[in-house]
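Chain residues, written in single-letter form:
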Amino acid sequence: MYNRKLKTWTIPLIGLGLMIAALVSCTDSLDVTPPDEDVLTSAQVFDTPADFRQVLAKLYAGLSLTGQQGPAGDPDIQGIDEGFSNYIRQLWVSQQLPTDEAVVAWNDPGLPEFNTLEWSSSNDFVLGMYSRIFFQISLTNEFIRNAKDRPEEEIQAFNAEARFLRALSYWHALDLYGGNVPFVTEEDGVGAFLPEQTNPSDLFNFIESELLEIENSLPAPRQNQYGRADRGAAWMLLTKLYLNAEVYTGEQRYTDAITFASKIIDEGGYQLDEEYEYLFLADNHLSEGIIFPVPFDGLNTRTFGGTTFITHAAIGGDMNAADLGVDVGWAGHRVTKEFVNNFVNIELLAKSQTQSFAAANAAQDYPEIFVTGSFQEESNYGSNWTPEDAPALASVNSDDVYEGYVYFGSENTEFKFTDERSFDVNWGDNDADGTLDPDGANIVAAEPGYYLFDVNLNELTYTLTKTEWGVIGDATIGGWEPPDQDMEYDAEGKVWTIITELSTGEMKFRANDDWLINFGDSDGDGVLELDGGNIAISEAGQTLITLELGTPPYTFSTERTSVDSREMFFTEGQTLEIEDLRQFTQGYAVTKWKNLTRSGQQGKDPTFPDIDFPMFRLADAYLMYAEAVLRGGQGGDTGTALQLVNLVRERAFGDTSGNIEAGELTLDFILDERARELYWEAHRRTDLVRYGLFTSDDFVWAWKGGVQEGTGINDILNIYPIPSSEINSNPNLVQNPGY
Amino acid sequence: MEKFKTILITLFLALCIPVAGMTQNTVSGTVIDAETLDPLPGVNIVVKGQPTVGTATNLDGEYSFDVPSLQDTLIFSFIGFLRQEVPIQGRTTIDIELEPDVQTLEGVVVIGYGVQQKEDNTGSVNVINTRDFNQGNVTSAQELFQGKVAGVNVTSGDGAPGSRPEVRIRGGSSLSASNAPLYVIDGVPLSDDGIAGSRDPLNSINPNDIESISVLKDASATAIYGSRASGGVIIITTKKGRKGQPTRINYNFKASLNTNHKQVDVLSADQLRTIISEEFDESALERLGDQNTDWQDQIFDNSISQDHNISVTGSMDQIGLPYRLSVGFTGSNGILERSSLDRLTTSVALNPTFFDERLKVDINLKGVREDNFFSAESAIGEAIRFDPTQPVRPGDPGDRFDGFFAWTDSQGNPITIAPANPVARIQQTSDNAVVFRGIGNVQLDLEVPRVEGLHANLNLGFDYSDVGTGDFRVPGSAAFADDGSNAVGVRRDFDQTRENEVLEFYMKYDKELPRANSRFDITAGYSWERNYETSETFETNFNIDDVLQVEQDIDFITERFLVSAFGRINYSFMDKYLLTGTIRRDGTSRFSSENRWGLFPSVALAWKIHEEGFLANSNVLSELKLRLGWGETGQQNIGVGNFPFLARFTVSEPNARVQFGDEFVNTLRPEGFNSDLKWEETTTYNAGLDYGFLNNRLTGTIEGFIKETSDLLNVIPVPAGTNFTNRILTNIGTLDVQGIEFGVTGRIISKRETFWSMSFNTTWTRDRISKLTNVQSPDFVGVEVGGISGGVGNTIQVHSVDFPRNSFFVLEQVYDADGNPLEGVYVDQNGDGIINDSDRIRFQSPQADVLVGVSSRFEYKNWDASFSGRASVGNYVYNNTDSQFFINELVSPLGFIFNSTTDILDTRFRNAQFFSDTFVENASFFRMDNINVGYTFENLLNTESTVRLSATVENAFIITNYSGLDPEVFGGIDNNLFPRPRTFILGLNFNL
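Please read all numbers here as calculations on a predicted model, not as lab measurements. (Residues numbered from 1 in each chain as written. Chains lettered and ligands numbered in written order. Predicted model: local features only at pLDDT ≥ 70, side-chain atom pairs only at ≥ 80, totals over all residues. Heavy atoms only, no water.)

(A) Molecular detail of the sheet that holds strand β42 (residues 795-799) of chain B. All names here are of chain B. Across the sheet, which stays open at both edges, the 4 strands sit in the order β41-β42-β43-β46 with antiparallel pairing between neighbours. At either margin of the open sheet sits one strand with a lone partner, and together these are β41 (783-787) and β46 (841-843). With strand direction ignored, the average angle separating the axes of adjacent strands in the sheet is 45°. Here 3 bridges tie strand β43 (residues 807-810) to β46, and the two strands are oriented antiparallel to one another. Pairing of Phe808 across the sheet is with Phe843, part of β46. (Pairing = 2+ DSSP bridges. Helix = DSSP H or I, 4+ residues; strand = E, 2+ residues; numbered from the N terminus. Axes fitted to C-alpha atoms, helices over the stretch in contact; angles between N-to-C directions.)

Pasting the structure below:
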């Protein structure tokens, strides 16, 4: 019985098995299309102009981002930390670290060798930049391959931009790696083939012809969307190509450099921004002087490279990251003494630094009483009627005679004195007669102002003297004759300050334009004495004078401030000399890049600045014009050159005080001016190579060649080596000479 | 209950006892287990030559039936025991003791697509049964056979509850692709992808439900699994009910105390103060606090875990339905604060038969819910680095940072790149996951009528999992100052579902050819598998009322298929000469249509030497079998997604957009692809000798193997400009692995009340990379791997031609006369006067040269005791815990202070010396994995019921010269290991 039942079941059972097997055995099921809507095939991608535009966006992202996930997580480049792999970051490292403009404290593999110019072909950063450049070239080729035969005008416009971006990257390959690089265009495919090696001349010609071909297909200057390349960008790249042509090919092209620099200056419609600082702020997209920006955004364009890297890496030591609009410093980059020297007389600067330090360390432990009252909150002394926060008066001779300075911000201030930071023992003045009464009534000061307090607890008396402070002396503009140079009270810092022009000589501090209360510094230690000796000023120039009274001892400092607004050093706690590259506090720090808007607001995110990187900008074009003229190019004139250089300097100095005469306009001056104007913008290495100073003994800087005082190095280092892994994977390539 | 059982048994007996003959020759008796002396119910008894005349023992092991003649011979057989033939010789009462078949409990081995008599097996297969499983607090299947099988290295997971032990069979065979074995559970191949939110995908299987584990090591055994078999195959069979089995209820309880028995040696507060005052200026001293905090003490604590399992096994024979049901609960708490695993498992196994047992049905369903709390494991490293002079929580809840100490700058803002307060890290981070997983299958095996020996088998299986995880960090906390989202906190949700389905259909034909003195069986089948996965990550502000600073939504979907045909033939001649041939053809969607099909053959021969005449009468030698095998397998788990061959584009996420004017545009990136990609192919040669002495009191195997993997997948640099990536996975290179395995098990004493067995196994392996790139250039150092802490992007290992995989790639340290390392002084290997990368040498590797496993079991009356231990010899470890500390970096330029391990006092290294070989240490060790003692109370409620009490120490001790916390480091880079606890376990087992 069982068996019969079974027989009736057998056929369907086996049949079912075979049927299911047949159904699913269809090997078509092995042809799977990615089910993820974020993953598309080529056919889906290169369809409408809108699709092309998204791929075009990736070509620009090749400069600003490191992958498909911000700030990191799905990288473009393998085998290197994703943050490091950023184009701008790599470019910055390649162009800045081996020069006098920057050193780095970090010891990530391969990085210290950039400080000392000792890289080899297996260096991680040599590979990183190279990989990024050729990733970008592969992307642009793919775009051009798919776009070039499309009839749509819009796609052709995109195509011109893609060709510009490819030319830009090939220029970097030419400039950094010497042009002996694999040459791949849209004519080549994707996959297993070995590209041929090109040479500097051919590559130069290719970049030039590409740029000339697309010049008129690109929108007129400033007519494309922000962040995208226009004709101005192409002109700028051509100018740079021609200016350095002699380095690349041995042939001078200065006349062509002038031609295209002139186009930028005359036809571009760009303006020098009012303030130099504006170019490096969170809202620098408002700048009129940026020709080709690489935009970053705290919310939408996040990376650990780009201006995130440039801004954070500059912050360390005693710097307050919040002052630069970010949450933290990475304690990496500083400048060498040789670079600082472009701005100031270093010996004098160092001395004024020492002076201010002496004063800063002058705190003493004197017996104290406290002034507490209704003024505290408004005048920055904590909460009202809180002795814990109250300003102190000190008895310098420990004789129960106290003095000190306290600021009252408004009228009818009420206050009392306390013995400790509590109300347990306190004095008021019951009948406002100038004698103190234990637990007496509040004392009232009618006028706001900066008061000298004298309190005698032996006799229970007190006096208040209102003071306004200034400086006088032959070192000051007004000499020893009144009126004094008035200082301003800075309620936040609780100090009096003035920025004024000092000459060498002497000066003193006076209250109320009168010798009744005056301070000097007899022993030059930064601590002030009443009626003390004159203060010697040894360095002339724009100076920030700070007077700190408050609780004795009273101190002051003078700090030479530059008149060149491009000099943005942070020096507190930093030494000028760099004995140990790994210490952030050695070498001056730089505050040029700030994640703050012109009005001082922080960018959208404290970690990822909104600052756009100005790849090309107008002042560079001015200086290139001038240089090309000085180098003998035709079609320009020295008069215009001088005028352009002085425009740059007028912006820097705020007036014509920094202007130069025709005789001062030399190639050496241009190089220094380029350093002052364009430092930390990834130009320096190219400039030094063009001037023949990158490797030479004629110009050395700290740690050039691996020694602190700097030394000349082998000329082979003028270009980077082809990475060894690339030599291994492509037998068509011959290494750059010497590596 | 008892009554019910009696009815069942009666029914069972009624069904089984055939109609008796007319002659009344009744034989009766009792059958007991020769070792335990327990009565054996269900023993089959038949009259020799008359297979239809027979009976089975009842619950008390008693039998009674009529035989045709008192001169016949009875055959007693029972699964797991040696068959006995007993001539009646006129007796009417015959009591029998059956000897357990110790070599394999059941005499059969589970192999791919079927089972086989152990003696007919030609491949290298080890079976571990319940009886041999490791005792202790086992949460995952891999731990059950740790140290038990020669050639199989199970590296314990770290100390996290339910962490994943890594299994390497014969050293694996790959560089970039997976080296893990394929797991097949009751016929369902598990997806080789990890499950997010679960520390170990195999946690889905409750070890208490496992009946046996087959480890398939050589190609003869694994080639039937084709393109996934290069890492070996592990087949797990779960417990099932058996026909006629009485109802048994088993309750198993374990309580464990996990203790943190060892800490990383770090500087005490005073030692740190001393070194800071010696080496740094005043300003650094001022930053030191006045406390004396042992941060490791703060984050680690002893913990208690519990484990309950209850199972019911039996058979509803009236409807022909053997069953097993089980429910298990594991509440495992880690020694790191807030780390735990709660796991609820259920399993159902039903094995009905129909049509007079001609249709057998196997239904298995397993479900698990895992609640994982991961704690914040980065606190482990931070507890080592964090300044011990600082207080844990100087403020009150409600203060800034919730009162916890945090490094701040001069303005009081957190220094986001300083280490986070480890206690705050744990308290202010929440990271947990809930994992649901169901695995099940229905297998139908049909004995095709009218064709004797022909079976059709259909297996439909699924493996679904669903994961939800959440991770949040408190805003403004001290805990995660390092991720830049400090102000608003982060909330991150992750969901993942996986759907894997499998369909297999095969036919098997058994045939005996008595005239040719031969028998053979042929299996041929077809298999189809689909793996589908979706996941979504959503990240936002902790408090979404704040200005939205973080929002990221990442979706991911992927799918792949595997279609295969397979076949096997087993041929036996004269029961002495065996031949096995297998073949599998696999097609996968992971490769392009040109490369997706692969053929994986194997052939093996075996010679049962002991069956030969010259050995047949040997009293000493009871078994001797020579096995020779050859085969090819593949590895398609290449770790680069499911579409590495396809030209495709990926859309960027919202945080990675590009500004065009006022608009932010999502970008489309072409992905690098390699249309020529295919699987790795491993050719294995295997020679083995199985031996047994003294009636198999002493048994074992000695085996040698050679594996060559060609088309080795390796990530190599792409010639610049030719693809959309700078590195791509390519089939290039060759790897050779060789080894010798030896295993022996001895039943030293096997008496009525005393039993003692010992097992020992050892393995020697070595591996060499013999080819790595297209262009063989002497300058090519190899592929640098093994990222370490310290700096960004430093690696310490390298794959190089002529060296083992993952060789350490270091500079050779020079020491002074006292044996102290000289900082920055290394051997200038190439003599160019500069110490740089080209002076790095390949020095040792993490792979052990020799592995040893040893275990023993001792029983006396109701007492039992066992231990199991392992040794690893010649494995090296890079001590990254020590190597990341240098005197000059104890004080950061940003003003915070690091603590260090005490190693700094020995090396006195001032600056980073990451590549010094002084940090590469010989980490050979012997570890006593567990020691176990038990006592069984019998006859409590009735004769069947027992209670066993046991006590176990897990991770009892370790012998090593390694200076770090624990020498057992998978991958060879020791950094912030979650310490493995020493665990004391009390167990209670009720068997009703």
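(B) Spotlight on the side chain of Thr293(B). By the secondary structure assignment, Thr293(B) is in the loop between α5 (282-287) and α6 (295-299). Sequence-distant contacts of Thr293(B), that is, excluding residues within four places in its chain, are made with Gln298(B), Pro388(B), Gln390(B), Pro391(B) and Val392(B). (Contact = heavy atoms within 4.5 Å.)

(C) Layout of the packing of aromatic side chains. In the structure shown here, the tally under the stated rule is 84 aromatic pairs over all chains. Judged by centre distance (4.4 Å) and plane angle (40°), the ring pair of Tyr407(A) and Tyr489(A) falls under tilted. In this pair, Tyr407(A) sits in strand β7 (residues 401-408) while Tyr489(A) sits in strand β16 (residues 488-490), placing the two residues 82 residues apart along the sequence. Overall, Tyr489(A) belongs to the buried group, its relative accessible area being 17%. An aromatic cluster of at least three residues, connected via ring pairs, comprises Phe84(A), Phe114(A), Trp119(A), Phe125(A), Tyr130(A), Phe134(A), Tyr170(A), Tyr177(A), Phe183(A), Phe206(A) and Tyr720(A). Over the face of the ring belonging to Phe755(B) we find Arg131(B), whose NZ or CZ atom lies 5.7 Å from the ring centre. A cation over an aromatic ring shows up here: Arg393(B) above the ring of Phe404(B), its NZ or CZ 4.1 Å from the ring centre. (Phe/Tyr/Trp six-rings, centres within 6.5 Å; stacked < 30°, edge-to-face > 60°. Buried < 20%, exposed > 50% of the residue type's maximum accessible area, 1.4 Å probe, protein only. Lys NZ or Arg CZ within 6 Å of the ring centre and 35° of its normal.)

(D) Examining the nonpolar core more closely. The biggest cluster of nonpolar side chains holds 204 residues, and the ones touching the most others in it are Phe143(A), Phe164(A), Phe292(A), Met615(A) and Ile276(B). When residues no more than four places from it in sequence are discounted, the contact partners of Phe164(A) are Leu211(A), Ile214(A), Ala229(A), Ala233(A), Ala234(A), Leu237(A), Phe292(A) and Phe616(A). Listed in part, the 43 residues of the second largest apolar core include Ile369(A), Phe375(A), Tyr451(A) and Phe453(A). (Core = buried A, V, L, I, M, F, W, Y, C linked by side-chain atoms within 4.5 Å.)

(E) Main features of the sheet that holds strand β50 (residues 920-922) of chain B. Pairing is mixed in the open sheet, where 3 strands are placed in the order β50-β49-β53 (chain B). In the strand order of this sheet, the two ends are held by β50 and β53 (973-974) of chain B, each with one partner.

(F) Focus on helix α12 (residues 306-313) of chain A. Counting buried positions along α12(A) yields 8 of 8 residues, so the element is predominantly enclosed. Residues of α12(A) that are buried make contact with α4 (87-96), β4 (333-334) and β26 (613-617) of chain A.

(G) Here's a closer look at a negative patch on the surface. Taken together, Glu37(A), Asp466(B), Asp493(B), Asp495(B), Glu536(B), Asp553(B) and Asp555(B) make up a surface patch of like negative charges. Looking at the negative patch, the elements with two or more residues in it are β25 (490-513) and β27 (551-573) of chain B. In this fold, Asp493(B) is placed in strand β25. For Asp493(B), a relative accessible area of 31% corresponds to the partly exposed category. (Patch = residues over 30% accessible without salt bridge, like charges linked within 9 Å, V, L, I, M, F, W, Y side chains within 5 Å. Areas by Shrake-Rupley, 256 points an atom, 1.4 Å probe, with all protein chains shown as cover. Salt bridge = Lys/Arg side-chain N within 4 Å of Asp/Glu carboxyl O. Lys, Arg positive; Asp, Glu negative; His and termini not counted. Charge placed at Lys NZ, Arg CZ, Asp CG, Glu CD.)

(H) Representation of the interface of chain A and chain B within the structure. With 105 residues of chain A at the interface, the matching set in chain B holds 92 residues. Taking both sides of the interface into account, the surface hidden between chain A and chain B amounts to around 8,300 Å²; carbon and sulfur atoms contribute 61%. Area buried by chain A at its contact with chain B is led by Leu30(A), Gln68(A) and Asn728(A), which between them contribute 9% of it. Connecting chain A to chain B are 5 salt bridges. Among the salt bridges present, the one from Arg669(B) reaches Asp74(A), with a minimum N-O distance of 2.8 Å. Run the count over chain A and chain B and you get 25 residue pairs in polar contact (both at pLDDT 80 or more). Mapped by element, the contributors of at least two residues to the side of chain A that touches chain B are α1 (2-25), β1 (39-41), α2 (42-45), α3 (49-64), α6 (124-147) and α19 (724-729) of chain A. In terms of residue count, α1(A) provides more of the side of chain A that touches chain B than any other element does, 15 residues in total. Looking at the side of chain A that touches chain B, its residues break down into 48 nonpolar, 35 polar and 22 charged. (Buried area = accessible area lost by both parts, 1.4 Å probe. Polar contact = N/O pair within 3.5 Å; in protein donor to acceptor, adjacent residues only side chain to side chain. Nonpolar A, V, L, I, M, F, W, Y, C, P; charged D, E, K, R; others polar.)

(I) Structural context of empty space enclosed by the protein. Residue and element names in this part refer to chain B. Evaluation of the coordinates by the stated rule reveals 16 cavities of 30 Å³ or more. A volume near 490 Å³ is recorded for the second largest cavity. As for the second largest cavity, its lining consists of 30 residues, and the residues nearest its centre are Asn137, Glu143, Asp158, Glu954 and Pro981. Where the lining of the second largest cavity is concerned, the elements lending two or more residues are β19 (321-333), β51 (925-938) and β52 (946-960). Among the residues making up the lining of the second largest cavity, the classes are represented as 6 nonpolar, 18 polar and 6 charged. (1 Å grid on protein atoms, 1.4 Å probe; cavity = no way out; pocket = protein on both sides within 12 Å on 5 of 7 lines; lining within 4 Å. Points joined across faces, edges and corners; volume = space filled by probe spheres on them.)

(J) Region of the structure containing unusual backbone geometry. Residue and element names in this part refer to chain A. Between Gly70 and the following residue, Pro71, the backbone shows a cis peptide bond with an omega angle of -5°. Along the chain, the position of Pro71 falls in the loop between α3 and α4. For the bond running from Pro482 to Pro483, omega is 0°, close enough to zero to count as cis. With respect to the secondary-structure elements, Pro483 resides in the loop between β14 (469-472) and β15 (485-486). Within the chain, Leu117 stands out as a residue other than glycine whose phi angle is a positive 55°. Inspection of the secondary structure puts Leu117 in the loop between α5 (112-116) and α6. Here Leu117 falls in the buried class, since its relative accessible area comes to 2%. Positive phi outside glycine occurs at Asn412, with the angle close to 50°. By the secondary structure assignment, Asn412 is in the loop between β7 and β8 (413-420).

(K) Looking closely at a nonpolar patch on the surface. All names here are of chain B. On the surface, a nonpolar cluster with roughly 990 Å² of combined accessible area is contributed by Ile522, Ile569, Tyr571, Phe573, Met574, Tyr577, Leu579, Val603, Leu605, Trp607, Phe614 and Leu628. Elements represented by at least two residues in the nonpolar patch include exactly β27, β28 (577-588) and β29 (597-608). Looking at the secondary structure, you find Phe614 in helix α9 (residues 613-616).

(L) Expanded view of the environment of Phe46(A). Examined against the element boundaries, Phe46(A) turns out to sit in the loop between α2 and α3. Judged by its relative accessible area of 9%, Phe46(A) falls in the buried class. A sequence separation of 101 residues divides Phe46(A) from Ala147(A), and the C-alpha atoms of the two residues are 8.1 Å apart. Non-local contacts of Phe46(A), meaning those with residues more than four positions away in its chain, are made with Phe52(A), Val55(A), Glu142(A), Phe143(A), Asn146(A), Arg150(A) and Phe649(B).

(M) Examining helix α7 (residues 153-177) of chain A more closely. Look at α7(A): 36 Å from first C-alpha to last across 25 residues, which is about the 36 Å you get at 1.5 Å a residue. Trailing α7(A) by a residue or two, Gly178(A) shows a phi angle of about 80°, which is positive. (Expected span 1.5 Å × (residues − 1).)

(N) Examining the environment of Ser622(B) more closely. All names here are of chain B. Topologically, Ser622 is positioned in strand β30 (residues 621-635). Overall, the relative accessible area of 25% leaves Ser622 in the partly exposed class. Ser622 sits 202 residues away from Gly824 along the chain, and the two C-alpha atoms are 63 Å apart. When near neighbours in sequence (up to four residues on either side) are disregarded, Ser622 contacts His610, Gly692, Phe693, Leu694, Asn695 and Asn696. Separated by 2.8 Å, the side chains of Ser622 and Asn696 make a polar contact.

(O) Representation of the packing of α4(A) against α7(A). All names here are of chain A. At a minimum axis distance of 12 Å, the contact between α4 and α7 shows a crossing angle of 25°. Overall, the two elements α4 and α7 adopt an arrangement that is roughly parallel. Crossing hand, α4 versus α7: left-handed. Two secondary-structure elements touch here, α4 through Tyr87, Leu91, Ser94 and Gln95 and α7 through Ser169, His172, Asp175 and Leu176. Split by residue class, the contact of α4 with α7 holds 3 nonpolar, 4 polar and 1 charged. (Parallel < 35°, antiparallel > 145°, perpendicular 65-115°, else oblique. Left-handed = near helix turned anticlockwise from the far one by under 90°.)

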